[in-house]
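Observations on the three-dimensional arrangement
Read off the chains here:
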Amino acid sequence: MTLKRLSPEDPRLRQVCEDMSLAELRRKEMQKTIDSLLDFVFQRNNKGPAHNKKKPTIIGLSANQVGVMKRICIVDLAIRRKGYSEIHVLVNPHITWRSKTMQLRKEGCVNLPNIWGYVPRSIKIDVSYLDRWGNSYEMRAVGWAATLIQHEVDHLNGLLFIDRIEDPKKALHVEESDFLAYKKDPKKWDKYIDVSKLTRAISK
Ligand SMILES: [Zn+2]
């Protein structure tokens, strides 16, 4: 199955993905779907320059971002480590505890190309989940990993990072050709885009 990212306006990005039963998870079809999600994060069907076998091209993906309405996300927790990956398939993930201490990190999203923003999130979280075979776990995530998991669990609850940025009228706008320049000094970036029509009010 070749998956495609949904456009920013697609209503499936705003749906809550409910928990899956163990029986459904263990079905052959569902295991194949999980393989397809992994193919997507590694861009295995893309023969262009983004193709990379060892390190995923996409550090986080929730199933509903590509139209699979199941409570599954994939994260690479070796976020900043070049050539090394630590892939987790999180099934039925739920954040069971969030630290009151917050961090501000820049985020982007597969469904929102060229849009970036600084998002306040808890610096530490606990998350409960099943692996793809149905074994249950609880994980404490800190720093970048905590941000990434909160971003993905938001997706599964129908939320996008732009719902949480300070001013959706001034999200950062970075064309692909400008990305290296942006990365050098993201705090000084001064090109903006109004994404307020795409956001949804949430209780922060
Ligand atoms: Zn995203």
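Here's a quick rundown of the structure. Source: prediction; values computed, not measured.

Things to note about the sheet that holds strand E1 (residues 60-62)
- Judged by pairing direction, the sheet is antiparallel, and its five strands sit side by side in the order E1-E2-E3-E6-E7 without closing on themselves. Looking along the sheet, the strands with just one partner apiece sit at the ends: E1 and strand E7 (136-142). Neighbour-to-neighbour, the strand axes of the sheet open up by a mean angle of 40°, direction not taken into account.
- Bridge analysis of E1 against strand E2 (residues 72-76) gives three bridges, and the strand direction is antiparallel. From the neighbouring strand, Leu61 faces E2, where its bridge partner is Ile74.
- Sitting on the sheet, helix H2 (residues 28-42) touches E1, E2 and strand E3 (87-98), and the angle it makes with E2 is about 35°.

Concerning the state of the cysteines
- Applying the stated criterion across every chain yields a total of zero disulfides.
- Take Cys73: it sits in no disulfide, and the sulfur closest to it among the cysteines is that of Cys17, at 10 Å.
- The buried category is assigned to Cys73, whose relative accessible area is 1%.

Some thoughts on the pairing of strand E6 (residues 124-130)
- Most of E6 is tucked away: six of the seven residues are buried.
- Two strands pair when backbone bridges link them, and E3 and E6 are joined in this way by five bridges, in the antiparallel orientation. Residue Val91 lies in a different strand from E6, and its bridge partner there is Leu130.
- Pairing analysis gives seven bridges linking E6 to E7, with the strands arranged antiparallel. Bridge pairing in E7 links Asp126 to Arg140.

Considerations on the packing of aromatic side chains
- Inspection of every chain in the model, using the stated rule, returns five aromatic pairs.
- An angle of 40° between the planes, with centres 6.0 Å apart, marks the rings of Trp116 and Tyr182 as tilted. Residue Trp116 is found in strand E5 (residues 115-122), and its partner Tyr182 is found in helix H4 (residues 179-184); the two are separated by 66 residues along the sequence.
- Ring centres of Tyr182 and Trp189 lie 5.4 Å apart, and the angle between their planes is 80°; on these two criteria the pair is classed as edge-to-face.

Details of the side chain of Asp154
- Tracing the chain through its elements places Asp154 in helix H3 (residues 144-156).
- On the basis of relative accessibility, which here comes to 4%, the residue Asp154 falls in the buried class.
- Excluding its chain neighbours within four sequence positions, the residues that come into contact with Asp154 are Arg121, Leu159 and Arg164.

A word on the pattern of salt bridges
- Tallying each qualifying case throughout the model produces 11 salt bridges.
- With its nearest N and O atoms 3.8 Å apart, the salt bridge here joins Arg71 to Asp19. On the criterion of sequence distance, the pair formed by Arg71 in the loop between E1 and E2 and Asp19 in the segment before helix H1 (22-26) is long-range, its members being 52 residues apart.
- A salt bridge links Lys188 to Asp185, with the shortest nitrogen-to-oxygen separation between them at 3.7 Å.
- The structure contains a network of salt bridges with shared partners spanning Glu107, Arg121, Asp154 and Arg164.

Considerations on the nonpolar core
- Core analysis: the biggest nonpolar cluster contains 21 residues, and Leu37 and Ile72 have the highest contact counts within it.
- Counting residues per element, the ones that place at least two in this core are H2, E2 and E3.
- Counting residues per element, this core draws most heavily on H2, which supplies seven residues.
- If we ignore the near neighbours within four places in the chain, the residues touching Leu37 are Leu3, Leu61, Ala63, Val66, Ile72 and Ile74.
- Counting 18 residues, the second-largest nonpolar core is a separate cluster that includes Leu90, Ile125, Ala145 and Leu148.

Criteria and thresholds
Residues numbered from 1 in each chain as written. Predicted model: local features only at pLDDT ≥ 70, side-chain atom pairs only at ≥ 80, totals over all residues. Heavy atoms only, no water. Pairing = 2+ DSSP bridges. Helix = DSSP H or I, 4+ residues; strand = E, 2+ residues; numbered from the N terminus. Axes fitted to C-alpha atoms, helices over the stretch in contact; angles between N-to-C directions. Contact = heavy atoms within 4.5 Å. Disulfide = S-S within 2.5 Å. Buried < 20%, exposed > 50% of the residue type's maximum accessible area, 1.4 Å probe, protein only. Phe/Tyr/Trp six-rings, centres within 6.5 Å; stacked < 30°, edge-to-face > 60°. Salt bridge = Lys/Arg side-chain N within 4 Å of Asp/Glu carboxyl O. Core = buried A, V, L, I, M, F, W, Y, C linked by side-chain atoms within 4.5 Å.

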